[in-house]
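Examination of the molecular architecture
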Amino acid sequence: MEIKYIVRKTGQIQKEVPPAERMLNFLYHHPFGKTAILPLVKQKIVSDWYGRRMYKKSSVKKIKNFVDTLQIDMSESEKNMDEFSSFNDFIFRKLKTGARTIEDGLVSPGDGKIIAFENVADVHEFYVKGQRFTLEGFLRNKELARSFENSSILILRFAPNDYHRFHFPYDGIPSEPVKIKGHYLSVSPYALIKDFGRVFCENKREYTILSTDHKGKILISAVGATMFGSIINTFNPYTEISKGQEMGYFAFGGSTIVMVIEKGHLTIDRDIIENTKKGFETYVKIGERIAF
């Protein structure tokens, strides 16, 4: 399969080539990979083992080839390539002050590829195969799921080469994160096209409710993935935060931020909705408006 997305700033269609494309194809599309190898790869012990390797000093030797191969713009990084203490230190690198502009409205919490649905129920029509995605299954909380019934949903996917810190999309007061144990399936389209519901309702994840003054409540969920290492929060719950303020970061690997917004409070930007309907993700960066 080809992973194609639209670069929002230029309107160009580009192709994403994951660093482990052959392995992802084998794990999620080959009968032996799905039945014999994938059950092992999705276990916590495998991601923990690899995550520990990425914290070792010796892992710094992987950085230059990774940057060159994936054409990462290091001019935005606070640190130079020779200043990182490990590969993970590089993965969750900070950006220089002013590297991103925070726009009006609800903004993207990170750099990555986004899809959006005006109603959560529309997700199943997009990913027609496998287990149906429901908020109750995702949140494991019937009452909370009911309170967000008929809400809109935005899903921002981080690729391994993306900046791995995520930020608050709006001003407000965040709740304490609720953690949900789970597996470590890939969040690559290679996995999602086969069974979106299974990936998001089985993977380790946590969610925070952001209470705003004028836009209702926004549910923000960080979802783990194969080889992702950890989800680390860097905010203080029940303390007023500003839009664009750092919320946390992912260690090695790609992962996802899911946002659920209450019906009637925010309208998702039309280009993102239309791109999603055509089967394209839209590449956005932190601070870009995605709803108003």
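Here's a quick rundown of the structure. (Residues numbered from 1 in each chain as written. Predicted model: local features only at pLDDT ≥ 70, side-chain atom pairs only at ≥ 80, totals over all residues. Heavy atoms only, no water.)

Concerning the nonpolar core
To keep things clear, this is the line we draw: Among buried residues, the Ala, Val, Leu, Ile, Met, Phe, Trp, Tyr and Cys ones that are joined through side-chain atoms within 4.5 Å form a nonpolar core. Per-residue accessibility, obtained with a 1.4 Å probe over protein chains only, is compared with the maximum for each type, and a residue is labelled buried under 20%, exposed over 50%, and partly exposed between these values. Helix and strand assignments come from DSSP, with helices taken as H or I runs of at least 4 residues and strands as E runs of at least 2, each series counted from the N terminus. Contacts are assigned to residue pairs that have any heavy atoms within 4.5 Å of one another.
In this structure, Leu106, Leu154, Phe166, Ile218, Ile220 and Ile257 are the most contacted members of the largest nonpolar core, which totals 28 residues. Counting only elements with at least two residues in this core, the list comes to β4 (112–117), β5 (152–158), β10 (217–223), β12 (246–250), β13 (255–261), α10 (270–277) and β15 (289–291). Once you skip the residues sitting within four places of it in the chain, Phe166 turns out to touch Pro109, Phe158, Ala222, Ile231, Ile232, Asn233, Glu246, Met247, Gly248, Tyr249, Phe250 and Ile257. If you look at the next biggest cluster of nonpolar residues, it comprises 22 residues, including Phe133, Ile180, Phe200 and Tyr207.

Side note on the environment of Gly137
Position of Gly137 among the secondary structure elements: in helix α7 (residues 135–139). According to the relative accessible area criterion, Gly137 is partly exposed, its value standing at 27%. Each C-alpha atom of the pair Gly137 and Phe200 lies 8.7 Å from the other, and the pair is 63 residues apart in sequence. Filtering out sequence-adjacent residues up to four positions away, Gly137 remains in contact with Cys201 and Arg205.

Observations regarding unusual backbone geometry
In this model, Gln71 sits at a positive phi of 55°, which is unusual for a non-glycine residue. One can find Gln71 in the loop between α4 (63–70) and α5 (87–91). Here the phi dihedral of Asn150 falls at roughly 65°; this positive angle occurs in a residue that is not glycine. Within the secondary structure, Asn150 sits in the loop between α8 (142–147) and β5. On the accessibility criterion, Asn150 (44% relative accessible area) is partly exposed.

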